[in-house]
Amino acid sequence: MSIADNVRQVKEKIAAAALACGRSPEDIILVGATKMNDAARVREAVEAGLRYCGENRVQELTEKNAQGAYEGSHLHFIGHLQKNKVKQVVGTAELIHSVDSVELAEAINRRAGALGIVQDILLEVNIGGEASKSGFTPGELRPAIDSISTMENLRVCGLMAIPPVCEAPEENRHYFSEMRKLYIDIGEEKKYNNVIMGILSMGMSADYEVAISEGASMVRVGTGIFGARNYGTAK
Ligand SMILES: *Cc1c(COP(=O)(O)O)cnc(C)c1O
């Protein structure tokens, strides 16, 4: 199947998963995880109707952006972001999904302030409590929001999670459900004016349909669109 076929097929599956749980397909945004796919392949996806691209690495984002890869789509940053690289991402990516520390939020806030903009971000939650993954634990989330909500050049738009790698999609259902609870609880607190819980980014190729049934409003799909990545030849 071509990239264009895959884009159409993933969109159909998203729509079916939404309808199956009484949600509207328009309420779910597909973000194509474009890592390790060159500008030509990204263009193919965008031309087939991919409206959101999510990049993981700053260098890839900068290179492909200069090549016009994302034209006609929204650009998001979804990977681990180092503080010394925020300059290349803030203001270029509309949404940064992966804010995983208060220090990173501070660095983004400073850069956004220098540019005179408000940067939209999501807070990454380490919902599986994995030592190998970044993100706030559920317990760290509220204190982090207390600090981040004072940063004037940031807007917290929601939460993001990458649950543990699963053998079967259903295995992660309880993590998605815990994420939805956190998202709803924090949204209902309404005590901060720059925190608006409107986006719940969770679900990847192996489990996005389950994530949708648990309330995901953004799913990040790489393999399902671009095919398997060849890590063996990765730089
Ligand atoms: C690579 C990646 C994805 C997509 O993973 P697939 O399993 O290929 O769909 C989603 N989110 C993040 C943060 C990623 O790095």
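Structure first, text after, so check above.
Residues numbered from 1 in each chain as written. Predicted model: local features only at pLDDT ≥ 70, side-chain atom pairs only at ≥ 80, totals over all residues. Heavy atoms only, no water.

(A) Region of the structure containing the overall build of the protein. What the protein contains, in helices and strands, is 9 helices and 8 strands. A principal-axis box enclosing the C-alpha atoms of the protein has dimensions of 50 × 40 × 35 Å. Intrachain contacts of the protein at a sequence separation of at least 6 include 61% that bridge at least 24 residues. Summing over all exposed atoms, the protein offers an accessible surface of approximately 10900 Å²; the carbon and sulfur share of this is 49%. For the protein, the centre of its 26 positive side-chain charges and the centre of its 31 negative side-chain charges are spaced 3 Å apart. (Helix = DSSP H or I, 4+ residues; strand = E, 2+ residues; numbered from the N terminus. Contact = heavy atoms within 4.5 Å. Areas by Shrake-Rupley, 256 points an atom, 1.4 Å probe, with all protein chains shown as cover. Lys, Arg positive; Asp, Glu negative; His and termini not counted. Charge placed at Lys NZ, Arg CZ, Asp CG, Glu CD.)

(B) Structural context of the site of the ligand. As a matter of local geometry, the ligand sits amid Ala33, Lys35, Asn56, Ile78, Ile162, Met204, Ser205, Arg220, Val221, Gly222, Thr223 and Arg229. In the complex, 88% of the free accessible area of the ligand, which totals 390 Å², lies under the protein chains. Here the shell around the ligand is composed, by residue class, of 5 nonpolar, 4 polar and 3 charged. (Near = heavy atom within 4 Å. Nonpolar A, V, L, I, M, F, W, Y, C, P; charged D, E, K, R; others polar.)

(C) Broad picture of the pattern of salt bridges. Under the criterion given, the structure shown has 11 salt bridges. Linking Glu55 and Lys64 is a salt bridge whose minimum nitrogen-to-oxygen distance equals 3.1 Å. When its relative accessible area of 0% is taken as the criterion, Glu55 is described as buried. Lys64 gets classed as buried once you look at its relative accessible area, which sits at 5%. A salt bridge links Arg173 to Glu170; its shortest N-O distance comes to 2.7 Å. Several salt bridges converge on common partners, so that one network encompasses Glu55, Arg57, Glu60 and Lys64. (Salt bridge = Lys/Arg side-chain N within 4 Å of Asp/Glu carboxyl O. Buried < 20%, exposed > 50% of the residue type's maximum accessible area, 1.4 Å probe, protein only.)

By themselves, these observations are geometric and do not establish any function.
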